[in-house]
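In case you want the letters, here they are:
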Amino acid sequence: NLMPEENDSNLPLESLEDDNEEIDLEDSAQEDDLEDVKGIAVENAYVSEKEQALLALKDLSEHCGPAFYPFIYQSLEEAWTMMDFPDDDVRSAAILACAQFLVAYLKSGQPDGLEAYKKGAKELIPKLCGMVESEEENTVVVSCLEAISDMLKECKLELTTMPGHPEAIVKCVTMIMKGECTCQDQGDEEGLEMEEMETSEQDEALFEYAGDVLPSLGQAMTPPTFAPYLMGCMQMLLKKTRKHCSIAERSFAVGTLADCVKSLQGQLDPFAKHLLPIFLEGAKDTEADMRQNSVYGLGELVLWGGPGLEPKYNQILSDLSMILTAETAPQVIDQVVAGVARFLVVDSGCVPVQEILPVLLANLPLKADESEYEIVFKAFGKLYAAGHESIKSNISKILECAVAAKKGKEVDADKVMPMVSELVKLIQRDFTAEYQTILSGLPPEAASTLTSITA
């Protein structure tokens, strides 16, 4: 019961009683003042507590594993009703919580949990896709997109094999690309700069989260089943890369296409003829985000394109070389380095290893995009396994990168550090003298970090 007690002395009742001013309910001036008001919100601690409680339950479900299982049913039941709550922050929290509770049901492995997951997912995905289309609040739509991506990443085929789900997901992303969602309706704007700026920022957030949905869908499907869905979106995505589109739209389109390449392995040939020119052109764009995403896309094409892309290797390497000579943005330089590393990982006879390896080494450690240490150390591993002569003369550089990866905040430690540790151990074993010399010459902090890698 949230109603105050009758004797609550905190309420200023005396001031209300003394206020004898009459209010004219037919005052047209007051009506004019409220004409453009979309809604009236009452700040309430209880509303904030609802949001925080939902987020806390979501976190408990995510991190407590089986211990939280007995509480999922009631938590999901309560959160589901909150998806229609008047406050948009509460709706957003409820959306993310419901998605996590269903993921927890699936991961439980319990027969009744799996049944509950199937029933809930069957209803939640269409509801979220419908909210993307009809919801007025941008932040709630963003939460819907985030929840869809999270479920795709965690549930994979258990989600995408449900009838109608891939179609509904692709449709809502397409509507965002076309600007047909309710939250994208800007109404009658009369050149208000602040509103235009806010709309631009909101659109950017929408494109960012929508741009994560299609690649997540691809990773949750097999390449043969995903390819037709992406092909259906290709024309729209390619249109969004054109110069007349906003920076957010262009970056979204190129980044989405680049992220989808991996999920098309074995099915890339029909796409490559469209993607390669887009990525090559985007790599020369005036906007750093476009260049970064485009160079990343080139690297992904090389990594997953197979023999069909080998005739284009020289052209791609030539363009990467030209980009590097003039590039000043650290994140773009890191992507060029990562692109070269992808060539080394492919390990094709068509790759001029002796020519491109110095380019890789000269621009390490990475300066901005630490997530690319994963591909860098895969390249080092390939070279080491092949007994490449460059390894011994570049041990210092490899160990420097190992320390940087260990300290990196954006590095996925679970994926990257096992590779780093294995390589450093091999260097310790095979080049003991060189390793000890380098270790003794490092500053104490760096030496301690390097030693901890193999501990």
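Residues numbered from 1 in each chain as written. Predicted model: local features only at pLDDT ≥ 70, side-chain atom pairs only at ≥ 80, totals over all residues. Heavy atoms only, no water.

Chemist: Residues and numbers for the overall build of the chain, please.
Modeler: What the chain contains, in helices and strands, is 23 helices and zero strands. Looking at the 455 residues of the chain, the share that counts as buried comes to 46%. Roughly 24,400 Å² of accessible area belongs to the chain as shown, and the carbon and sulfur atoms make up 51% of that amount. (Helix = DSSP H or I, 4+ residues; strand = E, 2+ residues; numbered from the N terminus. Buried < 20%, exposed > 50% of the residue type's maximum accessible area, 1.4 Å probe, protein only. Areas by Shrake-Rupley, 256 points an atom, 1.4 Å probe, with all protein chains shown as cover.)

Chemist: So what about the layout of surface pockets? Which residues, and what values?
Modeler: The volume enclosed by the largest pocket comes to roughly 1,500 Å³. For the largest pocket, the lining is made up of 40 residues, of which D212, G255, D259, Y296 and S371 are closest to its centre. With nine residues, helix α10 (residues 193-219) is the largest single contributor of residues to the lining of the largest pocket. (1 Å grid on protein atoms, 1.4 Å probe; cavity = no way out; pocket = protein on both sides within 12 Å on 5 of 7 lines; lining within 4 Å. Points joined across faces, edges and corners; volume = space filled by probe spheres on them.)

Chemist: Can you lay out a negative patch on the surface for me, pointing to particular residues and giving the numbers?
Modeler: On the surface, E201, E204, E208 and D289 cluster together to form a negatively charged patch. The leading source of residues in the negative patch is α10, at three residues. (Patch = residues over 30% accessible without salt bridge, like charges linked within 9 Å, V, L, I, M, F, W, Y side chains within 5 Å. Salt bridge = Lys/Arg side-chain N within 4 Å of Asp/Glu carboxyl O. Lys, Arg positive; Asp, Glu negative; His and termini not counted. Charge placed at Lys NZ, Arg CZ, Asp CG, Glu CD.)

Chemist: Pulling in residues and values, what's your account of the side chain of K58?
Modeler: Mapped onto the secondary structure, K58 falls in helix α3 (residues 45-64). For K58, a relative accessible area of 16% puts it in the buried group. Here K58 is in contact with L96, A97, Q100 and F101, once residues within four sequence places are set aside. (Contact = heavy atoms within 4.5 Å.)

Chemist: So what about the pattern of salt bridges? Which residues, and what values?
Modeler: Scanning the model with the defined rule gives 18 salt bridges in all. The residue R91 makes a salt bridge to E135 at a minimum N-O spacing of 2.7 Å. Placement of R91 in helix α5 (residues 88-108) and of E135 in the loop between α6 (111-134) and α7 (138-155) is noted, with a sequence separation of 44 residues between them. Look at the salt bridges and you will find they share partners, linking K58, D59 and E62 into a network.

Chemist: Account for empty space enclosed by the protein, with residues named and values stated.
Modeler: Using the criterion set out here, one finds one cavity of 30 Å³ or more in the structure. What the largest cavity holds in volume is close to 30 Å³. Along the walls of the largest cavity sit L357, L361, F380, L383, S390, I391, N394 and I398, which together make up its complete lining. Taken together, the elements giving at least two residues each to the lining of the largest cavity come down to α17 (353-362), α18 (373-385) and α19 (390-393). Partitioning the lining of the largest cavity into residue classes produces six nonpolar, two polar and no charged. (Nonpolar A, V, L, I, M, F, W, Y, C, P; charged D, E, K, R; others polar.)

Chemist: I'd like a rundown of unusual backbone geometry, residues and numbers included.
Modeler: With omega at 0 degrees, the peptide bond leading from L364 into P365 counts as cis. Positive phi, normally seen in glycine, also occurs at K156, with a value near 50 degrees. Here K156 shows up in the loop between α7 and α8 (157-160). Here D347, not a glycine, exhibits a phi torsion of approximately 55 degrees, which is positive. D347 sits in the exposed class, given a relative accessible area of 54%.

Chemist: Run through the side chain of S92, naming residues and quoting values.
Modeler: Looking at the element boundaries, S92 is found in helix α5. S92 sits in the buried class, given a relative accessible area of 8%. Sequence-distant contacts of S92, that is, excluding residues within four places in its chain, are made with T139, V140 and S143.

Chemist: Tell me about the packing of α6 against helix α9 (residues 165-178), and name the residues and values.
Modeler: Pairs of packed helices are described in terms of their axes, by the angle between the two and the distance that separates them. Interhelical geometry of α6 versus α9 gives an angle of 15 degrees and a closest axis separation of 9 Å. Classed by the angle they form, the pair α6 and α9 counts as roughly parallel. Every pair of crossing elements has a handedness; the one defined by α6 and α9 is left-handed. In this structure, α6 contributes A121, K122, I125, P126, C129, V132 and E133 to the contact, and α9 contributes H165, A168, I169, K171, C172, M175 and I176. In the contact of α6 with α9, the residues fall into ten nonpolar, one polar and three charged. (Axes fitted to C-alpha atoms, helices over the stretch in contact; angles between N-to-C directions. Parallel < 35°, antiparallel > 145°, perpendicular 65-115°, else oblique. Left-handed = near helix turned anticlockwise from the far one by under 90°.)

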